[in-house]
Amino acid sequence: MNNLVILISGGGSNMLAIARAAIRERWDQTLNARIAAVISNRPHAAGLQAAAELGLSTEVVDHTAFAGHADPRTAFDDVLRQTIDAHEPSLVVLAGFMRILTPGFVVHFEGRMLNIHPSLLPAFPGLHTHQRAIDAGCRFTGATVHLVTTELDHGPILEQAVVPVLPNDTADSLAARVLTQEHVIYPKAIKAFLKSQA
Ligand code: GAR
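Residues numbered from 1 in each chain as written. Predicted model: local features only at pLDDT ≥ 70, side-chain atom pairs only at ≥ 80, totals over all residues. Heavy atoms only, no water.

A. Region of interest: helix H3 (residues 46-53). All of the buried residues in H3 are Gly47, Leu48, Ala50 and Ala51. Here the buried residues of H3 occupy an arc of 165° about the axis, which is enough to place them on one side. Residues of H3 that are exposed and point over 90 degrees away from its buried face: Ala46, Gln49 and Glu53. For H3, the elements touching its buried residues are strand S1 (2-8), helix H1 (13-24), strand S2 (33-40) and strand S3 (58-60). Just downstream of H3, Gly55 is the residue with a positive phi angle, here 85°. (Buried < 20%, exposed > 50% of the residue type's maximum accessible area, 1.4 Å probe, protein only. Helix = DSSP H or I, 4+ residues; strand = E, 2+ residues; numbered from the N terminus. Arc of directions from axis to C-beta. Contact = heavy atoms within 4.5 Å.)

B. Summary view of the layout of surface pockets. By volume, the largest pocket is sized at about 890 Å³. Taken together, 38 residues make up the lining of the largest pocket; nearest its centre are Gly96, Phe97, Met98, Ile116 and Pro118. Where the lining of the largest pocket is concerned, the elements lending two or more residues are H1, strand S5 (113-117), helix H6 (129-135) and helix H7 (171-197). Tallying contributions element by element places H7 first for the lining of the largest pocket, with 5 residues. When the residues that make up the lining of the largest pocket are grouped by side-chain class, the tally is 15 nonpolar, 18 polar and 5 charged. (1 Å grid on protein atoms, 1.4 Å probe; cavity = no way out; pocket = protein on both sides within 12 Å on 5 of 7 lines; lining within 4 Å. Points joined across faces, edges and corners; volume = space filled by probe spheres on them. Nonpolar A, V, L, I, M, F, W, Y, C, P; charged D, E, K, R; others polar.)

C. Expanded view of the site of the ligand. Residues in close proximity to the ligand include Gly11, Gly12, Ser13, Asn14, Gly96, Met98, Ile116, His117, Pro118, Leu179 and Glu182, which together make up its full environment. Take Gly12: an N or O atom from its main chain is 2.8 Å from an oxygen atom of the ligand. A distance of 2.7 Å separates an oxygen atom of the ligand from a polar side-chain atom of Glu182. With the chains in place, 82% of the 450 Å² that the ligand exposes on its own is no longer accessible. Broken down by secondary-structure element, the contributors of at least two residues to the shell around the ligand are H1, S5 and H7. Classifying every residue of the shell around the ligand gives 4 nonpolar, 6 polar and 1 charged. (Near = heavy atom within 4 Å. Polar contact = N/O pair within 3.5 Å; in protein donor to acceptor, adjacent residues only side chain to side chain. Areas by Shrake-Rupley, 256 points an atom, 1.4 Å probe, with all protein chains shown as cover.)

This is the structure:
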């Protein structure tokens, strides 16, 4: 069985789009895949409740609990890695997981960890992508699913969606339009990835 572990920090709408596609399309039968766990670094992430309501197993690794460590980022990543590894994942899915990961963590999962980023990479890596696209006068922006490498928001591109920037867009209105396309391309990219590994 291909175990998927999904990491979230917030609302988890991408996680839900993936979970609903997995149920609707019977990924357990068609791809021999299942969502083994949804893990959040924030105990109150809304997505955790939504995942539980879908019957998914949820866990929390709270990054604020590591503040007292000499190297909090590495200490957090070590526990997160162990928590993920307990599920023997074929694929780790970053779905709105708002943490910068240490190189050791990324290398451990390299080749089997995907991310979705709300821009047409390589344009606008990092934060505030929608405002930056508006400020730059972009007519189009979008979203990208890519393999995670040690360089932030880089790595081989697996899927993209193009979304128009409309004249009166705010960062919020644009984000909402992009998000609807994220929900289409992330399940699609995961399916293609799993098929390519079969
Ligand atoms: C999504 O727009 C995702 O692309 C973005 O956070 C949002 C999470 O929404 N990710 C990043 O900005 C990563 N750098 P969700 O929790 O509803 O899926």
